[in-house]
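Descriptive analysis of the structure
In case you want the letters, here they are:
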Amino acid sequence: MMNEKNLESLERILNSPKKITIIPHRNPDGDAIGSTLGLYHVLKKIGHDVHVVAPNDFPHFLAWMPASEDILIYDKNRESTSKLIADSDYIFTLDFNVLLRTGDDMEKMLQKLPNPFVMIDHHQMPGNFAELTFSNPEFGSTCELLYTILDKINFTKYIDKDAATCIYTGIVTDSGSFRFPKTNANTHRVIAALIDKGIDNPQIHNNLFDNSSYNRLQLLGRALQNMVLLPELNTSYIYLTDEDLNEFKHVKGDTEGVVNYGLSIKGIDLTSFFIERKDEGIIKISLRSQGNFDVNLLARKYFEGGGHVNAAGGKSNLSLQETIERFKEIISKHKNEFYV
Ligand code: 5GP
Ligand code: MN
């Protein structure tokens, strides 16, 4: 879905001044914020009237990103951000492919709008809400896809150091620092081009990974202690209770990356991370796999979620204990059904 016609349409849209709003998914990660801010810098440079509206707040480990202070939060200013979105000539949605990923209320607001959407995303099974859909699950990040699209329409000349910093950040975070399987030669060519834009790449890694609070590492310690192995199923899981989160004064972003530890054990090809979110009344579930076990299918079928083959997420309305029991039962009965 990155055909010539789509690219020509995008170029035509961007070649005259427009009012544009850019929206990432709810609970945005590095790729969501990186791609929206990357595009924001580029569109501003071209001369568009552009705003980023995130459904809810973003984690503090991304708050150093250039222009992150310009991000408007829908949950905090529903009236003014809804008006801004409704007044846009185009609404760009980045790093998600169904409007529900913005949350129930925002989805309802967006669905009613007559404004045209442009989707740029790398998840499987895109919805069809957009006038222009750039969807390619072969890309490891929306940021890499965004760069590649800008390259194809000869717009990389508008990528300055700030834009490059944002795009680089999304590639780093979604590729697990260049190690997940979708990392390929194109990824590294894009990275090289971004470094040529003058970014301080070691500093970006520093900002992302060497900025933890003491409490965050203590919480990680608790999560690792809570890890359970199911060796006969090549599966592990980790959980954090509401009390764990409170004990270490959890803030948004503190649990980022924890799920990957479950996969780092020899012989494990599936892991799940359960977080008890008493405030939202749900158990948030993160799923990761190695090889061809498809956690996207598992999340879709059993946990009201989705994502990619090797990284997906969802939720459960049962208690933490019941959710874990259900997960174990599903895996022991159906694990073989999800190998693709
Ligand atoms: P994480 O486990 O880091 O929250 O998410 C991993 C991947 O799954 C991300 O690509 C994310 O977009 C996707 N994902 C996480 N939670 C959900 C969810 O509730 N619904 C859907 N459709 N995708 C999700
Ligand atoms: Mn992404």
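Residues numbered from 1 in each chain as written. Chains lettered and ligands numbered in written order. Predicted model: local features only at pLDDT ≥ 70, side-chain atom pairs only at ≥ 80, totals over all residues. Heavy atoms only, no water.

**Considerations on the UniProt feature "domain: DHHA1" (unreviewed entry) in the protein**
As a reminder of what qualifies: UniProt positions are given in the numbering used here, feature names are shortened, and annotations may be inferred rather than shown by experiment. Helical segments are the DSSP runs of H or I of at least four residues, strand segments are the runs of E of at least two, and each set is numbered from the N terminus.
The UniProt entry lists residues 252-332 under the feature "domain: DHHA1" (unreviewed entry), expressed in the numbering used here. Taken as a whole, residues 252-332 contains 26% helix and 30% strand, while its terminal C-alpha atoms sit 32 Å from one another.

**Re the UniProt feature "domain: DDH" (unreviewed entry) in the protein**
Per the UniProt annotation, the sites labelled "domain: DDH" (unreviewed entry) are residues 19-171. Secondary structure across residues 19-171 comprises 37% helix and 18% strand; the distance between its end C-alpha atoms is 27 Å.

**Thoughts on the pattern of salt bridges**
Note the cut-off: Here, a salt bridge means any Lys or Arg side-chain nitrogen found within 4 Å of an Asp or Glu carboxyl oxygen. A simple rule labels every residue: compare its accessible area, found with a 1.4 Å probe on the protein chains alone, to the largest value its type can have, and call it buried under 20%, exposed over 50%, or partly exposed in between.
For the coordinates displayed, the defined rule picks out 17 salt bridges. A salt bridge links D105 to R78, with the nearest nitrogen and oxygen atoms 2.7 Å apart. Placement of the pair is D105 in helix α4 (residues 104-111) and R78 in helix α3 (residues 78-86), with a sequence separation of 27 residues. K278 is paired through a salt bridge with E243; the nearest N and O atoms lie 3.8 Å apart. Here K278, found in the loop between β9 (270-277) and β10 (282-289), pairs with E243, found in helix α10 (residues 242-247); they are 35 residues apart in sequence, far enough to count as distant. Looking at K278, the relative accessible area reads 51%, which means it is exposed. Note on E243: relative accessible area 49%, which makes it partly exposed. Within this structure, R26, D75, R78 and D105 form a network of salt bridges that share partners.

**Some remarks on the side chain of T156**
Condition: Residue contacts are defined here by distance: any two heavy atoms, one from each residue, within 4.5 Å place the two residues in contact.
If you trace the backbone, T156 turns up in the loop between α5 (142-152) and α6 (161-174). T156 has contacts with Y147, L150, D151 and K197, leaving out every residue within four places of it along the chain.

**Notes on helix α2 (residues 30-46)**
What counts, and what does not: The span expected for a helix works out to 1.5 Å for each residue beyond the first.
Here α2 contains 17 residues, and its C-alpha end-to-end distance of 24 Å stays within 8% of the 24 Å for a straight helix at 1.5 Å per residue. With respect to burial, α2 is a largely interior element, 14 of its 17 residues being buried. Positive backbone phi, approximately 110°, marks G47, located one or two places after α2.

**Details of the domain arrangement of the protein**
Note on interface size: it is often stated as the accessible area lost on association of the parts. This is how it is decided: Where a domain begins and ends is set by an automatic assignment or by a domain database. Put simply, buried area is the surface a 1.4 Å probe can reach on two separate parts but cannot reach once they are joined, added for both. Within 3.5 Å is the distance limit for a polar contact, defined as a pair of N or O atoms, with the added protein rule that one can donate a hydrogen and the other accept it, and that residues adjacent in sequence qualify only through two side-chain atoms.
Its domain assignment divides the protein into domain 1 (4-210) and domain 2 (218-337). Relative placement of domain 1 and domain 2: their C-alpha centres are 27 Å apart. Taken together, the contacts link 15 residues of domain 1 with 13 residues of domain 2. Of all residues in domain 1, H60, Q124 and M125 bury the most surface against domain 2, accounting for 40% of the area lost on that side. For the pair domain 1 and domain 2, the number of links is zero salt bridges. Viewed at the interface, domain 2 and domain 1 are joined by four residue pairs in polar contact (both at pLDDT 80 or more).

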